[in-house]
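One-letter residues, chain by chain:
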Amino acid sequence: MDRRSTIESGESIHLEINGMLSVTESGGRTIFEPQTQSPIETKNSSTVNSVSPKRGAVRAPEKKITLFALRLAVLEKAATGLGTLGFIWATVVLLGGFAITLDTTDFWVITTILLIEGTRIFSRSHELEWQHQATWSIADVGISSFRAIKSSTRTIVKAAKAIFKPISNVTMARREIARNSQQTARGKWDKRRMPTRTWTSSEVPLLPYARWMFIARNVSKMLYWLQILSATACLVLSLMKLVLRNFGEIAKGDTDKRNRKSALLIFYSLAFTEALLFLLEKAYWEWKINFCRLLEEVNKECQLGPSGMTSVRRFFYDAYSRCVNGSIFDGLKMDMVSFAMELLDSSSPDEQLIGAQILRRFATSLRFCDDTLQKIGTNIIVMERLVEMLNWKDIQEEELRLSAAEIISKLTGKKQNSLRVAGIPGAMESISSLLQISRSPSGASDEICEKRIIFDNENYGFWTFNHLGLLILKKLARDHDNCGKIGNARGLLPKIIEFTQAGETLLRDESATPTQILTLKRSLQVVKMLASTAGATGKELRKEISEIVFTISNMRDLLKYGETHPTLQHLGIDILRSLGLEDDATERIGGTGGVLKELCNIFLKEATPNSHGHVRTAAGEALAMLALESKNNCHRILKLKVTGKLVEALEVSLLRINAARILRNLCVYTGAGYFEELRELATAGPTILRAIMTEEQIQEVMMGLGAHIFKFITPEESSIMFQRAKIQEIELAAKLVEILRKHQHPSIKVPRTRRFVIELSIWMMRDKRTNIQVLRNLGMDTELEYIIETTSELESFNVFSGTVGMNRHSVTIHSLVDTAMKLLAGEME
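The shown structure was predicted, so the numbers you read here are calculated from the model rather than taken from an experiment. The numbering scheme is per chain: residues are counted from 1 as the chain's sequence reads. Confidence filtering applies because this is a predicted model: local features only for residues at pLDDT of at least 70, side-chain atom pairs given and counted only at 80 or more, and all residues used for totals across whole chains, interfaces and linings. To obtain the side-chain values, all non-hydrogen atoms of the structure were used and water was disregarded.

Colleague: Even after reading the chapter, I still don't get the overall build of the protein, so can you show me in this structure?
Modeller: Helical segments are the DSSP runs of H or I of at least four residues, strand segments are the runs of E of at least two, and each set is numbered from the N terminus. Helix and strand content of the protein: 40 helices and 2 strands. When burial is assessed residue by residue, the protein has 55% of its 829 residues classed as buried. Whether two residues are in contact is decided by their heavy atoms, any of which lying within 4.5 Å being enough. A separation of at least 24 residues holds for 74% of the contacts in the protein among residues at least 6 apart in sequence. For the protein, the exposed surface amounts to about 36,500 Å²; the carbon and sulfur share of it is 56%. Relative accessible area decides the class of each residue, using a 1.4 Å probe on protein chains only: under 20% of the type maximum gives buried, over 50% gives exposed, and in between gives partly exposed. Here the open area of atoms and residues is found with the Shrake-Rupley method and a 1.4 Å probe, where only the protein chains shown may cover a residue.

Colleague: Just checking my understanding: could you explain the nonpolar core for this structure?
Modeller: Soluble globular proteins tend to pack their nonpolar side chains together in the buried interior. Throughout, nonpolar core names a set of buried Ala, Val, Leu, Ile, Met, Phe, Trp, Tyr and Cys residues whose side chains join them through atoms within 4.5 Å. Residues F316 and L530 are the most contacted members of the largest nonpolar core, which totals 191 residues. In this structure, L530 is in contact with A477, C483, I486, L493, I496, L541 and I545, ignoring residues within four places of it in sequence. By size, the runner-up hydrophobic cluster in this structure holds 23 residues, among which are L75, L94, A231 and L265.

Colleague: Would you mind showing me how to read a nonpolar patch on the surface here?
Modeller: For patch detection, residues must exceed 30% relative accessible area and be free of salt bridges, and they are connected within 9 Å for like charges or within 5 Å for nonpolar side chains (Val, Leu, Ile, Met, Phe, Trp, Tyr). For this document, the term salt bridge refers to a Lys or Arg side-chain nitrogen within 4 Å of an Asp or Glu carboxyl oxygen. Taken together, the side chains of L239, M240, V243 and L244 make up a nonpolar region of the molecular surface, amounting to roughly 370 Å² of accessible area. Looking at the secondary structure, you find L244 in helix α7 (residues 216-244).

Colleague: It is not clear to me how the packing of helix α13 (residues 369-377) against helix α15 (residues 398-411) should be interpreted in this structure. Could you clarify?
Modeller: When two helices pack together, their arrangement is given by the angle between the helix axes and by the axis-to-axis distance. Relative orientation of the contacting elements α13 and α15 amounts to 95 degrees, with a least axis distance of 10 Å. On the basis of their axis angle, the class for α13 and α15 is roughly perpendicular. Where α13 abuts α15, its residues L373, I376 and G377 lie against I407, K410 and L411. Under the scheme applied here, ten amino acids are nonpolar (Ala, Val, Leu, Ile, Met, Phe, Trp, Tyr, Cys and Pro), four are charged (Asp, Glu, Lys and Arg), and all others, including Gly, are polar. Class assignment of the residues belonging to the contact of α13 with α15 gives a composition of 4 nonpolar, 1 polar and 1 charged. Note on geometry: axes are C-alpha line fits, over the in-contact stretch for helices, and angles between N-to-C directions span 0 to 180 degrees. Any angle that is under 35 degrees is reported as roughly parallel, and any over 145 degrees as roughly antiparallel; angles of 65 to 115 degrees are reported as roughly perpendicular and all others as oblique.

Colleague: Whenever I open this one, the UniProt feature "transmembrane region" (unreviewed entry) in the protein confuses me. Can you help?
Modeller: Under the feature "transmembrane region" (unreviewed entry), the UniProt entry names residues 78-100, 222-244 and 265-285. Summarising residues 222-244: 100% helix, 0% strand, and an end-to-end C-alpha distance of 33 Å. UniProt positions are given in the numbering used here, feature names are shortened, and annotations may be inferred rather than shown by experiment.

Colleague: Honestly, the pattern of salt bridges in this entry has me stumped. Any pointers?
Modeller: Any two side chains of opposite charge can pair if their charged atoms end up close together. Applying the stated rule across the entire model yields 29 salt bridges. Measuring nitrogen to oxygen at the nearest pair gives 3.9 Å for the salt bridge that ties K414 to D370. Separated by 44 residues along the polypeptide, K414 in the loop between α15 and α16 (415-422) and D370 in helix α13 bring together distant segments of the chain. The exposure class assigned to K414 is buried, which follows from its relative accessible area of 13%. Between E563 and R508 there is a salt bridge, with the nearest N and O atoms lying 3.4 Å from each other. Of this pair, E563 sits in the loop between α24 (551-561) and α25 (566-579) while R508 sits in helix α21 (residues 504-508), and the two are 55 residues apart along the sequence. When its relative accessible area of 32% is taken as the criterion, E563 is described as partly exposed. On the basis of relative accessibility, which here comes to 43%, the residue R508 falls in the partly exposed class. Among the charged side chains, a network of salt bridges with common partners joins K64, E297 and E301.

Colleague: Before we go on, may I ask you to explain α15 in this structure?
Modeller: It helps to recall that an α-helix has 3.6 residues per turn; residues three or four apart then point in one direction. Each residue after the first adds 1.5 Å to the expected span of a helix. Taking 1.5 Å of rise per residue, 14 residues should cover 20 Å, and α15 covers 20 Å from first to last C-alpha, within 8% of that figure. With 13 of 14 residues buried, α15 lies mostly within the body of the structure.

Colleague: Would you explain the state of the cysteines in this entry?
Modeller: Note on terminology: a disulfide is the covalent bond linking the sulfur atoms of two cysteines. A pair of cysteine sulfur atoms is labelled a disulfide when the two atoms are within 2.5 Å. With the rule as written, the count across this model stands at 0 disulfides. Cysteine C634 shares no disulfide, and the gap to the nearest cysteine sulfur, in C667, comes to 9.3 Å.

Colleague: I'm lost on the packing of aromatic side chains in this one. Help?
Modeller: Both the distance between ring centres and the angle between the ring planes are used here to describe each pair of aromatic rings. Between the rings of Phe, Tyr and Trp (Trp by its six-membered ring), a pair exists once the centres lie within 6.5 Å; its type follows the angle of the planes, with under 30 degrees stacked, over 60 edge-to-face, and the other angles tilted. Under the defined criterion, the tally for this structure stands at 13 aromatic pairs. Both rings, one in F362 and one in F368, keep their centres 4.9 Å apart while their planes meet at 25 degrees; by these two values the pair is stacked. This pair shows no difference in class: F362 is buried, exactly as F368 is. An aromatic cluster of three or more residues is present, and its members are F68, Y284, W285, F316, Y317 and Y320. By the criterion adopted, a ring carries a charge over it if an Arg CZ or a Lys NZ lies within 6 Å of its centre and within 35 degrees of its normal. Just above the ring of W285 sits the side chain of K282; from NZ or CZ to the centre is 4.8 Å. Note that R401 overlies the ring of F465, its terminal NZ or CZ placed 4.7 Å from the centroid.

Colleague: Would you explain the environment of G613 in this entry?
Modeller: By secondary structure assignment, the location of G613 is in helix α28 (residues 613-627). When its relative accessible area of 9% is taken as the criterion, G613 is described as buried. Along the chain, G613 and I602 lie 11 residues apart, while their C-alpha atoms are 9.8 Å from each other.

Colleague: For this particular structure, what's the right way to read unusual backbone geometry?
Modeller: Leaving glycine out, the prevailing phi sign among residues is negative, and the prevailing peptide bond configuration is trans. Despite not being glycine, R293 has its phi angle at roughly 55 degrees, a positive value. Here R293 is to be found in the loop between α8 (260-291) and α9 (294-302). Owing to a relative accessible area of 45%, R293 belongs among the partly exposed residues under this scheme.

Colleague: Sorry, what's going on with the environment of L559 here?
Modeller: Among the secondary structure elements, L559 is positioned in helix α24. Among the residues examined, L559 registers a relative accessible area of 2% and is labelled buried. Look past the residues within four positions of L559 in its chain and what remains in contact with it is Q569, I573, L576, V595, E598, L599 and I602.

Colleague: What exactly am I supposed to notice about helix α40 (residues 813-825) here?
Modeller: Helix length check: α40 (13 residues) gives 18 Å between terminal C-alpha atoms against 18 Å at 1.5 Å per residue, within 8%. Among all positions in α40, only I813, L816, V817, A820, L823 and L824 are buried. The buried residues of α40 occupy an angular sector of 125 degrees when the element is viewed end-on, so they sit on one face. As for α40, its buried residues are in contact with α37 (753-767), α38 (770-777) and α39 (780-790). The positive-phi residue at the C-terminal boundary of α40 is G826, with phi of around 75 degrees. Working definition: the arc comes from the directions between the helix axis and the C-beta atoms, pointing outward to the latter.

Colleague: It is not clear to me how the side chain of S432 should be interpreted in this structure. Could you clarify?
Modeller: Within the secondary structure, S432 is located in helix α17 (residues 427-432). S432 has contacts with L492 and K495, leaving out every residue within four places of it along the chain.

Colleague: Teacher, can you tell me more about the environment of I662 here?
Modeller: Mapped onto the secondary structure, I662 falls in helix α31 (residues 656-669). Placed 36 residues apart in sequence, I662 and L626 show a C-alpha to C-alpha distance of 9.1 Å. Filtering out sequence-adjacent residues up to four positions away, I662 remains in contact with F603, G620, L623, A624 and L646.

Structure (structure tokens):
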């Protein structure tokens, strides 16, 4: 996910909706202004639309195979047609019409050719069948290579952990048990993946004796060479007879033999041509397959890897069979993706594996992913099959499950496809099955989600499936409707929250593995996207997330120990800020010991690297959100004795916006009992006045703060304040009227500007009666009347969730205008 540093904004704080990261910029959309368009759509439409930007046309490598199969089929059908014609000619014309008059040699040569060619022609389809069946057993190559790679990767990771990370005696003992379990499990892995109740066709012994000879793969080779020998024999015999032409003498006047020579020449020519075409086909086959390495070339272009040769070979035989058994153009209709989808729906585990491997490679390839994902996304049966495979937890089906998870993770990157995946019944439960968590018997974990032996096999790739499961959820959560489905899936939210646990050991240990950090990061991203969902769905999600007892304490640990992981801290702060939209969640966050304190420490900490500026800004936004309309949280912040630092922060460009919002909320919502503490804030008066007069970008927030801070000072103190700021009250009055004229209609970027101008004007008129005449002379009454005619619901709320207003102001803008008008008219003190 892209991240941008949060910078100063004169208008507002930003709380993204639907999972976007926080961005505070001048003129940017924020939580204090309505969003007329979904942030997801405005961010990068190319990543969420069902059709991604079109790349240049990519020629499918398998076209070489289908074209090759068509050319072979042309030769094969031509040879078969000539052979059939020769067979009919011989049986009807020669043996039927000239059987008695034929020379003995011709009779036996013709008979031999017919027997050989008849057998070859009518057994040709069976040879293809045997060749096709012989490829089934090679699918084991993919499993072996997968296990080898996974085994070597785990060995490297374990070695790195052993070198760089101290291991306690308990952990050492646990891992010793795991190693013993792995050795036992490895024996299971090394066993061949075979059906338990049916035969593998390539290994079927046809006869009880000479088993090595009469199994499918060897029968296929025997039939192939038998075809070659028979065609060669026919070629030699027919060529010999065409050259010698010793068809016997025809006696003068023997009308029964006068056409015999022509008939024999036609037959031998047909037999010769048919055998020649067949041998030419085989030569072309050998040239392209064994010399030009066509299948290896296509496999390389398809990026299927060493085990992909099985897939390519199966595709070739299928295409060739279709061209031979049907129309020669049937094979041209095949493509590798459709072929893989057909295999995926097979009942054969080997065929399922081949199909899954092809789709996985193509879906993760930059060259082929667009076309592949489009085809999968429009085939609901295939999508349902992939989702079903996520539940397959048998160790022998691990690669199938992994392939399905990777394909779905790519598929959900497209918005339309993610909606289709989420719409499949049971999809969320299937995705939830990818997430597996276990803890030490004591309930604590020295590593985040450190797993023990699950399903009696430590060799199973749980980390990989956890990452893919969280990645799929992250992509699904980009859509509002999907967020609701994730929240409704039984037991899924607690699982996701469980992955956000990160104690001091993990966060402060420099040797923490990238796998652990990645798992933590993805889980936080998912929670953040769910918590920032707009509308009624978001409200329900925030309620459910905050009610999970570990959520807020997990975020507190991130704030307390995550200074070396600013990205993780930022995500945790964003989650707290989003949850702060709900009153109950706000109280839970404030009531969890240390959360507000850690947020204040992060926001006000001076010795912080410049690269952590976005984290400090996010902490300020969260504090402002948690203090909004929360009397208890305002009291808690005041008890932390940070008001002096907040006033000083008004002078710091990075912090001033959020410091002003926090201080305003303290003034508005603290209530009685803290008058003296709030009076101290008056020292910020000159800073506020100068900002209102000179800095247009932060006028709104400073006017809102000033209107409430100035209530705690006397008229004498206010005069001193204006003197220190070197600003006259008439100048401030003129500035307020100017701002109203500039904002004659509610602004989406600064929706509270007119409200804050009126509040500040009311204070000025109550502070000194002379200000009433000043404002009247400047035309304030005219501007107030115009406000009444142009008021909007936009000005009635403190924050917005999308285009929905939240936290309605207790005093309406009409009431403020009435108060100001009465003061201008001298009707009230």
